[in-house]
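Geometric and topological summary
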Amino acid sequence: MSATDAGDMSRAAADARRADAESTGPVLAADGSPLKVSLNRALRAQKLRALMLIAPLLLFVLVTFVAPIIDMLFRSVENQIVSETLPRTVVALDDWDAETLPDEATYAALTYDFIEAAERRIHTRLGSRLNYETTGLSSMFRRSGRGVDDVGEEYADQFIDLDEAWEDPVAWAEMMASSDWLAAQSEWAATLEAEGEDAAGPEPLFQLSDGIRTLLPETADAYRSFARTVQQEDQDSPLEEEPWNSVYLALYRDLVTVPAASVVEYDGVGAEMLVAADTAVDGFETVDLRAVWEDMDDGWVEMPIWETIEAFSDPYTAGYFLAAVDLQLTPDGIEQQPDEQRIYLLLFQRTIFMSLVITISCILLGYPIAYLLSNLPLRTSNLLLILVLLPFWTSLLVRTSAWKVLLQNQGVINDTLVWLGFVADDARLALINNQTGTIIAMTHILLPFMILPLYSVMKTIPPSYVRAAKSLGATQWTAFWRVYFPQSVPGIGAGSILVFILSIGYYITPELVGGRTGTFISNRIAFHISESLNWGLAAALGSILLALVLALYWLYDRMVGIDNVKLG
Amino acid sequence: MDHKLPPYASTGHKIWFYGFRVICGLIFFFLIAPILIIIPLSFNAQDFFTFTPEMLRLDPEGYSLKHYRDFFGDDGYPWRGLLIGAVLGAGFAGAMWAWKGERYIVLPVLVGALFGLIVGKLWGLDGAEWMTPLRNSLVIAPMATLLSVSLGTLAAIGLSQTHVPFKGAIMAILISPMIVPLIISAAGMYFFYSRVGLQGTYWGVVLAHAALGIPFVIITVTATLVGFDRSLTRAAASLGANPVTTFFKIQMPLILPGVISGGLFAFITSFDEVVVVLFVGSAGQQTLPWQMFTGLREQISPTILAAATILVSISILLLTTVEILRRRSERLRGMSPG
Amino acid sequence: MKLKSLMLLTTGAAFAAPMVLAEAHGNMADSMTLVSWGGAYQTSQIRAYSDPYQAMHEGLEVIWDESSGEAVARMRAMEEAGNITWDLVDVVASDAIRLCDEGLAMEIDHDEVLAPAPDGTPASEDFGDLIVSDCFIPQIVYSTTFGYRTDVEEWGGNTPDDICDVFDLENFPGQRSLERRPIGNMEWALMCDGVAMEDVYDVLETEEGIERAFAVLDTVKDSTVWWTAGADTPQLLADGEVVFGSTYNGRLFSLIEEQDQPVAMMWDAQVFDLDGWIIPEGLPEDRLNRVLDFVRFATDTQRLADQAQYISYGPARASSAPLVSTHADLGIDMAPHMPTDPANATRTFLFNYEWWADYRDDLDARFQAWLSQ
């Protein structure tokens, strides 16, 4: 629908309103309904038709493109790993004073969390995550994973010495599990025996009995953690596995705190065992948990680890964004990174600076070409346009490697300059593996994106204006500068923003020719995605870059209008 | 500036005129130089991107076709394909002759033979170093183009209507694949497609490339629609054509140049795309640019220069064909070639 | 542990172990995806391992992926998605340790999965210390070492034979190429600052040590091309862009022996590293069986020795060393080109994987910041 068409319609609508207001009765359309209603209906139908046409593509782009981007950006704040891997420790640290080492209960919570994490083989994952914040945690977690199954062994031995039944998986399971689960589990085992794995399906998930949970909260929790891990990780039955040492630790801790009376009152399965144990625990040899953890790694009795866990215990963190602008989260608040580690602001600056230089070189090189093309007869200009399009259609990788051959020290350009005597053989120009290399290669690659919009704008500038200016006595230069150039500015704007936006996100070319000083922030993002695996930081850097680009896009849309981009 | 120097031009004017041409010539040289460099290098007898002393002496020893041989490999059944294609083409020509009395024989046979050659060469083998990526590219790029052109043209028609709610926001979303830095798109798609099981599948790469090509289609097609006269569709409708007929008979032919040019951009986006495919694809979807990238990074092999030379030759051929066709159609329509 | 329980599940707990293996190998997938590094190295694996294996198993399809460089990132994403498409992945030892740590690679019992040496020595003894992780199946020992051009006039006939010559611009002027990451470079720098080889990591742990290392690297910072891909240094040496550069010894072998370039090797202070297979965690039964069958074949004594016919990397089994013969195409004796050859290994250096796991993030940030300034 053309603009006049729309004008007609809205004018008609306005007329209708006026008529509506003036006359007593409503103006009627051909079908007898009021004109206002009829027009509104038509407008709605039109809107709907437009949306129906757009909907498939919009949906497509939302699903295949926008959703992935949002999903990735979300990673920049996501930090569930700490609270999911060490849930009990995080809770225990809630009311920690952050002045002295945490109490015994926190070390116990750490034991329960850590043994489960180690059995599920996720403790090292947390180690690498926290190592981004505090160096040395990666190996500390790995080492501790090897030793943690011994924590609480002394208690296990003492309980078993007291009564062999404490070693019996079945006795433990019957004491801890709900009767429903025990029934379901034995039914599952029978099916497995008789009909095989396919018929049996997965094991029923372990459930605690209510009584034991009230009586011995820590033990129940530790045992459930053990039982479910055994089921999910090893596909074994808790009825066939001896509990981890941490469960005995929990039992000891529960029994020394729970009043003797409530143990005596307990009437669930294994009550006698519990009563006997409860009377005996007072004579047990106790273990200093903090010392046990110190044995595994000195780091556990120093402040940094606890401060780091505390600082990153929230499920969402600003830590990655802070790191992306060379700040860090410390116990004393936000601080600058040490001097020698600041890199990202520098890279952002450099990315913007080099993109600007590239954009300006594109204008300088693209303007004359577009001018020439738009002022030549179509036949010639179309042939010359092929020269512009040819590099555009040639693989980016190939062009980049061609620039390598041209620009390097022993390359074609330097060889030619030496041969011509412009440059001494031992003072060849450094044209590659630095900013110069990136700028030359990227200017070449992005030049068509400048020429095409410029050309399409210049084609529409009528030559008569310049001729008129000249006939009025303007010199060649004045006519160009005062009459022609202002009309070509929209083309420069369109081309510049396009080139700038494209170059700010470049990755392949700087990687291949940028060397030490010519790389962009994108290279760092790629590094964090595929090598350091710090995906959160990559996402944070990406979000900042994206925000920058979107701001530019917004500016562009305001200044030029996205509808006015033309490509050839 | 005029394209011819007037006879009365002053000296300063002359200097400026020729100086400007020289500058433009240099810029054109800058544009074309890297392409000129790769052609001789692709005949290098050595495995490096270097002009060897033998090459500079123009010693035939320094040149060889080995990188072209490496590019094509010796798998596949090109000759069998050629033969079958030629026979099929001849059969088609015969059928046309019997049915409609048309006596074209050379063209169908040539087209059939060429088609058969390509199919025989590319589909008759597995795991060839360069031919398999070429085949993947030739499968993925057209599919992605088809998707983005069909959906994009529809949407562009919708967008060109006058009353489109949230037009700005919709436009921004549709253009976003061109705006968002590639590395961010690649990473996002990588994580997301992994999660929904599209990572490492043909469809994953096709969908990703289609998304990247959409802005080009939208931009070029909306540009042609700006100049489209709506009264034509109304005329068709008033003469009794239904909307579908109107679209294909009236609107489509008029906006076709925009659609084709958008399609070409979408095609080249997919055909030359390396960042996203490196993340979203896996071994099974290795495309030509991917193979070039690993060729550059992991193996030193000027084979990629041979590949590039072939691609450049094809694009020169295509571009000149398009130009010749354009001139011919202008001549036929009686328009001056300018 | 995992393997055992998986097999128990698939066959029922009642069967004895030998039965389990026989049963398990009965049902094998007829295609497998192997992941490696591409290039000459992958070709050597195809020729030594998968071609003969495919000849023995009619109809087996082998798909090669060249994504080993991004193996850890890819496998993490696959695990997140719950869709494992790889069957066997070739990685360097440090990546194997990471993958094992993250629970992405399967822990194996080396003696059960791998074939014993011909004289009956169990696999774990035959591979010895090279089994650096429970998930890691070693294949080759390679080294990062230096190549230099032999036609540099300014050197006046001298050839570098000491690691410190890399940092000696006076006697050996010209451009260098070093890898764009701290690993290796920091150690070499400290060794040339008078730190004994065995103390390097202790010194590097201190602030002062890091500064000392950077101070040494500073001397060559501006005359160095920093490479990221293994193919860079050979290309740069061949072009004469650099006169002295670090890269993998196999790349230099091909540059010198196959491409016949005027380049020679300097083995001093070569850094040993390992490369081998890992099996992704969570493969379905039929694919796992296929992979186990293939790995047992591909890592036996003869096959590891065969690989050395195509590339100059040392086989990881002690029992393979005597079987190393001549290059398949060039016909030259391969033993003197192995990094493990006594003549080459007078002074060697082994990565401290665990140390780097801790300090990689930190030092990498510092290294990149240092490079950018």
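Residues numbered from 1 in each chain as written. Chains lettered and ligands numbered in written order. Predicted model: local features only at pLDDT ≥ 70, side-chain atom pairs only at ≥ 80, totals over all residues. Heavy atoms only, no water.

**Looking at the interface of chain A and chain C**
The cut-off we apply is this: Contact criterion: two residues are considered in contact whenever any of their non-hydrogen atoms come within 4.5 Å of each other. Accessible area, probed at 1.4 Å, shrinks when two parts are joined; the buried area is that loss added up over both. A pairing counts as a salt bridge when a side-chain nitrogen of Lys or Arg comes within 4 Å of a carboxyl oxygen of Asp or Glu. Put simply, DSSP marks the helices as runs of H or I at least four residues long and the strands as runs of E at least two long, and each gets a number from the N terminus on. Gly is put with the polar residues, along with every residue not named as nonpolar or charged; the nonpolar set is Ala, Val, Leu, Ile, Met, Phe, Trp, Tyr, Cys and Pro, and the charged set is Asp, Glu, Lys and Arg.
In this complex, chain A contributes 43 residues to the contact, which on the side of chain C involves 49 residues. Roughly 4,000 Å² is buried in total at the junction of chain A and chain C, and carbon and sulfur atoms are behind 41% of that figure. At the boundary of chain A and chain C, one finds 10 salt bridges. Among the ionic pairs, Arg-516 of chain A bridges to Asp-222 of chain C, the shortest N-O distance being 2.9 Å. Contributions of two or more residues to the side of chain A that touches chain C are made by α6 (123-131), α7 (137-147), α13 (217-234), α20 (344-375) and α28 (521-530) of chain A. Top element by residues in the side of chain A that touches chain C is α7 of chain A. It accounts for 6 residues. Per-class residue counts for the side of chain A that touches chain C are 8 nonpolar, 19 polar and 16 charged.

**Considering empty space enclosed by the protein**
Rolled over the atoms, a probe as big as a water molecule pinpoints where empty space is left. Condition: Buriedness for pockets is judged along seven lines, at least five of which must meet protein on both sides within 12 Å for an open set on the 1 Å grid over protein atoms alone, while cavities are sets there where a 1.4 Å probe fits but cannot get out, and lining residues have an atom within 4 Å of a point. Grid points are joined across faces, edges and corners, and a volume is the space filled by probe spheres set on the points.
Within the structure shown, the criterion is met by 5 cavities of 30 Å³ or more. Here the largest cavity defines a volume of roughly 640 Å³. If you trace the largest cavity, you find 27 residues lining it, with Phe-449, Leu-502 and Tyr-506 of chain A together with Leu-182 and Thr-269 of chain B closest to the centre. When residues of the lining of the largest cavity are traced back to their parent elements, those giving at least two are α22 (396-407), α24 (435-458) and α26 (476-504) of chain A together with α7 (167-179), α9 (202-226) and α11 (243-271) of chain B. When its residues are assigned to classes, the lining of the largest cavity shows 22 nonpolar, 2 polar and 3 charged. If you trace the second largest cavity, you find 26 residues lining it, with Lys-404 and Leu-512 of chain A together with Asp-232, Gln-235 and Leu-236 of chain C closest to the centre. At the level of elements, α22 and α27 (508-513) of chain A, α13 (288-297) of chain B together with β6 (224-227) and α11 (232-239) of chain C are the ones that each hand at least two residues to the lining of the second largest cavity. Here the lining of the second largest cavity gets 4 residues from one element, more than from any other, and that element is α11 of chain C. A per-class count over the lining of the second largest cavity returns 12 nonpolar, 7 polar and 7 charged.

**A short note on the environment of Asn-185 of chain C**
Residues and elements named next belong to chain C. Within the element layout of this structure, Asn-185 appears in helix α8 (residues 185-191). Spatially, the C-alpha atoms of Asn-185 and Phe-272 are 13 Å apart, while their sequence positions differ by 87 residues. In this view, Asn-185 contacts Leu-178, Glu-179, Leu-217, Trp-226 and Phe-367; residues no more than four positions away in its chain are not counted.

**Considering the interface of chain A and chain B**
Filter applied, for reference: In protein, a polar contact requires one atom able to donate a hydrogen and another able to accept it; more generally it is a pair of N or O atoms within 3.5 Å, and residues adjacent in sequence count only if both atoms are side-chain atoms.
Contacts between chain A and chain B engage 93 residues on the former and 96 residues on the latter. Together, the buried faces of chain A and chain B total about 8,900 Å²; carbon and sulfur atoms form 79% of this surface. Applying the counting rule to chain A against chain B returns 1 salt bridge. Seen at the junction of chain A and chain B, the total is 5 residue pairs in polar contact (both at pLDDT 80 or more). Counting residues per element, the side of chain A that touches chain B draws most heavily on helix α2 (residues 35-74) of chain A, which supplies 23 residues. Looking at the side of chain A that touches chain B residue by residue, the classes come out as 68 nonpolar, 14 polar and 11 charged.

**Structural notes on the environment of Arg-213 of chain A**
All names here are of chain A. The criterion, for reference: The buried label applies to any residue whose accessible area, calculated with a 1.4 Å probe on protein chains only, is under 20% of its type's maximum; exposed applies above 50%, and partly exposed to all values in between.
As for its position among the elements, Arg-213 is in helix α12 (residues 210-215). Arg-213 sits in the partly exposed class, given a relative accessible area of 39%. C-alpha of Arg-213 to C-alpha of Met-176: the two residues are 37 residues apart in sequence and 8.2 Å apart in space. Those residues in contact with Arg-213, other than ones at most four positions away along the chain, are Leu-208, Ala-220 and Arg-224.

**Thoughts on the domain arrangement of chain C**
Residues and elements named next belong to chain C. Filter applied, for reference: Each domain span listed reflects an automatic or database assignment of domains.
Split by domain assignment, chain C resolves into domain 1 (2-135 + 279-323) and domain 2 (144-273 + 342-372). Computed over C-alpha atoms, the centres of domain 1 and domain 2 are 32 Å apart. Facing the 7 residues of domain 1 at the interface are 8 residues of domain 2. Carbon and sulfur atoms supply 55% of the area buried between domain 1 and domain 2, which totals about 690 Å² over both sides. At the boundary of domain 1 with domain 2, the tally comes to 0 salt bridges. Inspection of the region where domain 1 meets domain 2 yields 2 residue pairs in polar contact (both at pLDDT 80 or more). By residue class, the composition of the side of domain 1 that touches domain 2 is 4 nonpolar, 2 polar and 1 charged.

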